[in-house]
Amino acid sequence: MQAQTVFASDCNLGFKNVFQDNEPVCATGQAGGSLFGASGLVCVVPPGAAPNNGNDVTAGGCNSTGGFPGSFFDLMVWLPPLTPGNYDIVVVNNQGGSARDAIAVVSSGGAPPTVDVAAIKAAAGAQANAWQNTADWGANLSNNATAISIAWAAATGDWLSVAVNVAGTLAGIPTDYNGAVLQQGGQIIAALAGGQAAKYKTLENDPPDPQFMEFVAIDIGAVNTELAAQAHLYLGVPLSYPFSPRISDPLDQVSIALANSMAEEQAMVFSLTRTLEKFQGAEAADDDLFTFLQAQELTKYADLLADRLSATRQLAMDYKTELADKGLASLVYDGADIAALNTRLINSGLTPEEEQSLRDSGFTDADILFLFDRINAFPPPTGTYSRGGGIDSIVAAIDTFLPAVQQLGSQAQEVVDHFAPSVTSGHPTANPGGPYVGNEGQTFNLDGSGSSDPTGQALSFDWDLDMDGQFDDAFGSLVSPVFTTPMVGKMGLRVTDTDGNQDIAYADLEVQELNGPPQITAFTPAELTPSASNLNPLGFSASATDPDADPLSFEWRLDNSVVSTDPSWLYTPGVGETGNAIVKLTVTDASTLSPDAIETRFVQILDEVLVPDVVGLPQADAESAITASRLEVGVISTAQDPVVPTGNIISQTPQGGSQAIAGDSVDLTLSLGPTLVPVPDVVGLSQADAEAAIVAAGLTVGIVSTENSSTVPAGEVISQNPSGGTALPGSPVDLVISDGPVLVEIPNVIGLSQADAQAAIVAAGLTVGAVTQQNSTTVPVGTVISQNPTSGLVPEGSQVDLVVSLGAAQIAVPDVVGLLQANAEATITNAGLTVGIVTFEYSNVVPQGLVISQTPSDGFAAPGSPVDLVVSSGVKGDLDGDGDVDLDDINLILQARNQPASGPDDPRDLDGDGVITVLDARLLMLTCTRARCAVN
């Protein structure tokens, strides 16, 4: 039989393949198969050499595995000092079987190479701070207006400028299409910056990961998920990678390019972070193979991130140049000014003049509310800031971080180079080919056939073309996707061998634009959330151009239904219509390659009505007029009025002739005429005390009625009318006096069945209380034995408890089988039962006079119940009673032959013909129990 396995071990029950020259080398494995109990040998030889003492490099030659064939653990095979180099540990048995494991011996002059985790973490912290500063300030700034400019305008009373700036900046509502597009790039960058800072902060704080046998992919889908969580704070801003320019303005172009680079950088930082954690986990576990494999991954992501950092740096500088061209790069903002404005608005709100100025500028209630929500969502930053200075800080941070990333990649490569000679990796190597450059709408031929597996296993190929971290977009070594959107980015390939080992690699991808998209140059209304009603229709209009001069078509949709194909459209909601509607404009050119230009508005549909003028009307007429106008009667207050008659309306809010939303309330002030006196609250008083209080208040006692009450004692006031408030002097106050609870008679249900008793109780207006059961020898089962209370008058709904009969108690039936008849009958009567029918049967088993069986045989029965018995008559034909049938019994028949039987039960008349004959003797012989019967 062949040797099984051998592994290099660290002499402490752990596997190890790289040893320093001052460390002992042990072996663990299986030598099984040696005959006659002979032990195996373990040798340390040069790679590929035969296992024998001549090739063994240790001082004592090959080592025995011990006296038993089979497993061995931490067998010491080489003591220091060791000679650096590569070797094989070989186990061999006397049948010629062997197994090998490769080891490497390195100089103890220094530990194996690793990466400087502290350096990359420190650099990541500086990078996080720079991006966090951009996030803090970016939330308060946009590309065509600034929060500080709003503060300046407010300070000078120029609230029209405040309105324009807030609409274009803090509220996220563009004042024109180009302004909105230019704003979007800055808003996307601001939204990304917080995630960017978080990723670098995670890298700064990352711990080792014990799950180091897994590999990390680039996942930009996770970046999109984080952006989606911020969408409510960036209305109208497309927060989803890849971001696409919408107009030809250079600022828009470069800001979108920077946003895409930031999104990719975020994903790469996260992949690098997770891989560094897994590398540290493999190192901590002293796992050479996965230290090597994760170092390979670390090298890959460090190189990818270094390239991306360089791209982000250049795009940030280009972004600063475009900001400078628009005069936005060098403006210095003071967080204290923004804080003062925010504090004043939150604590005091807008003055009436400021609010009116905003409304005159086109602000709606929703706009103003969103302004305050936005202020609360983004606390003002501290210190001073300029856009150009912020970009300089980011560039400086990149300049510090980039060398650290490059150093990390170099150090990871040193780890790879160190472990490569000593580890055997069965993992494949992915090669996605590339870089790939082509045009939108055309086929890209992606070639992953350069991938390989060190053991020659077949590979499966999975492609991630949208960089969402899921390799589910194409399959096979050669794929031919078509990309319809221009982009510059990466795509990934994952290869898997038949053992499940995997590798991931990425290639550059550039999809060039062939046909530019149409551009919406103007759009009305500018508000993202306008309102419309039947009284106030909402007009929509748009202008658009196409960079390729393609003909354009317009399509307006209302809640996904096409309503117009003209550049303008008037939306008039129906009478009474409410809710929300989505109005979407799609501008399409003649090319299938370019994306459509889209504008969307979320319209609040208001059911507006005219408020009727009800001043001077009686209350009933006023309320009827209000409800007829589909409004609600709101708060009705009262006041004395020397002119308006009592019960008529003095004033209303809102005023007649104004517009309101259907269902809104109209508050009324009702005239009480002259001064009134308060009506005392007399509920709960005795009738006498109540009447005295009414008279003392200057009022009169009105109608006094009575009614039963289960809660108010007899003689006290249940209710009054009017119940409070004021009334004219001398006005009557009606009273309702309690007669106490209603009394009902208790029915006698003793002797009724439980069901009839309960029905009678409920029918009497009472309720069934506790129902208990007990035995009774006189009351039938299920019949009421007693009740409580038994009779009389009680308040309606009172409980009546019942005791219901279970009948007499049952008696256990005794077992009398096998007893003499007399003893059995005595036992039955002593148990309280009676002897029933007694019958007799012959039995060859049960002696004469003993009980063969009884009915019932066991269980319980009512007292006095009968127990039937079957008693043995002994063996049939045993005429002399000696217990068997023999010649003596036959002779008794022969002696009486030809004589008439004494009766139908005569045991000698076996054939029952009434005469004792020889035939009866012959029948008895058939039942003979002695051998001599047959002889005779």
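This write-up is about the structure you can find in this document.

Calculation criteria
- Residues numbered from 1 in each chain as written.
- Predicted model: local features only at pLDDT ≥ 70, side-chain atom pairs only at ≥ 80, totals over all residues.
- Heavy atoms only, no water.
- Salt bridge = Lys/Arg side-chain N within 4 Å of Asp/Glu carboxyl O.
- Helix = DSSP H or I, 4+ residues; strand = E, 2+ residues; numbered from the N terminus.
- Buried < 20%, exposed > 50% of the residue type's maximum accessible area, 1.4 Å probe, protein only.
- Phe/Tyr/Trp six-rings, centres within 6.5 Å; stacked < 30°, edge-to-face > 60°.
- Lys NZ or Arg CZ within 6 Å of the ring centre and 35° of its normal.
- Core = buried A, V, L, I, M, F, W, Y, C linked by side-chain atoms within 4.5 Å.
- Contact = heavy atoms within 4.5 Å.
- Disulfide = S-S within 2.5 Å.
- Pairing = 2+ DSSP bridges.
- Axes fitted to C-alpha atoms, helices over the stretch in contact; angles between N-to-C directions.
- Parallel < 35°, antiparallel > 145°, perpendicular 65-115°, else oblique.
- Left-handed = near helix turned anticlockwise from the far one by under 90°.
- Nonpolar A, V, L, I, M, F, W, Y, C, P; charged D, E, K, R; others polar.
- 1 Å grid on protein atoms, 1.4 Å probe; cavity = no way out; pocket = protein on both sides within 12 Å on 5 of 7 lines; lining within 4 Å.
- Points joined across faces, edges and corners; volume = space filled by probe spheres on them.

**Looking at the pattern of salt bridges**
Tallied over the full model, the rule gives 15 salt bridges. Two residues, E23 and K16, come together in a salt bridge whose shortest N-O distance is 3.0 Å. As a salt-bridge pair, E277 and R274 come within 2.6 Å of each other at their nearest N and O atoms. Of this pair, E277 and R274 both sit in helix α6 (residues 250-284), three residues apart, which is roughly one turn of that helix. On the basis of relative accessible area, E277 is assigned to the buried category, the value being 8%.

**A few points about the environment of A420**
Residue placement: A420 occurs in the loop between α11 (387-419) and β11 (436-439). According to the relative accessible area criterion, A420 is partly exposed, its value standing at 39%. Separated by 132 residues in sequence, A420 and D288 have C-alpha atoms that sit 9.7 Å apart.

**A word on the packing of aromatic side chains**
Using the criterion set out here, one finds 12 aromatic pairs in the structure. Between F444 and F483, the aromatic rings sit 5.3 Å apart at their centres with planes inclined by 90°, giving edge-to-face as the arrangement. In this pair, F444 is assigned in the loop between β11 and β12 (446-447) and F483 in the loop between β15 (478-479) and β16 (487-497), connecting sequence segments 39 residues apart. When sorted by exposure, F444 lands in the same class as F483, which is buried. Each residue in the set F523, F540, W556, W569 and Y571 is aromatic and connected to the rest through ring pairs, giving one cluster. For K300, the ring lying beneath its charged end belongs to Y301, and the centroid distance is 5.1 Å.

**So, the nonpolar core**
Grouped together as the largest cluster of nonpolar side chains are 69 residues, with contacts concentrated most on I218, W463 and Y506. Every element with two or more residues in this core is listed here: α1 (117-138), α5 (220-228), α6, α7 (288-325), α11, β13 (459-464), β16 and β17 (502-512). Setting aside residues no more than four positions away along its own chain, I218 makes contact with A267, M268, S271, Y301, L304, D464, M467, D468, G469 and Y506. In this structure, V42, V77, L82 and A99 belong to the second largest nonpolar core, which totals 19 residues.

**Describing the state of the cysteines**
Disulfide: a covalent bond formed between the sulfur atoms of two cysteine residues. Applying the stated criterion across every chain yields a total of two disulfides. The disulfide partner of C43 is C62, and the gap between their sulfur atoms is 2.0 Å. As the torsion about the S-S bond is roughly 110°, the C43-C62 disulfide counts as right-handed. Here the residue C43 occupies a position in strand β4 (residues 41-45), and C62 occupies one in the loop between β4 and β5 (63-64), the gap between them amounting to 19 residues. Exposure class is identical for C43 and C62. Each is buried.

**Some details on the pairing of strand β23 (residues 568-571)**
On β23, burial follows the alternation: W569 and Y571 on one face are buried, whereas S568 and L570 on the facing-out side are not. Of the strand pairs in this sheet, strand β20 (residues 538-545) and β23 are connected by four bridges, and their pairing is antiparallel. Each residue of the ladder has a partner; that of L538, found in β23, is Y571.

**Comments concerning the packing of α6 against α7**
Taken N-terminus to C-terminus, the directions of α6 and α7 make an angle of 160°; their axes are 8 Å apart at the nearest point. In terms of orientation, α6 and α7 fall into the roughly antiparallel class. Relative to α7, the crossing made by α6 is left-handed. For the contact of α6 with α7, the residue count by class is 25 nonpolar, seven polar and eight charged.

**Examining the layout of surface pockets**
Here the second largest pocket defines a volume of roughly 410 Å³. Contributing to the lining of the second largest pocket are 24 residues, with Y842, S873, V875, K876 and G877 lying nearest its centre. Class assignment of the residues belonging to the lining of the second largest pocket gives a composition of 10 nonpolar, nine polar and five charged.

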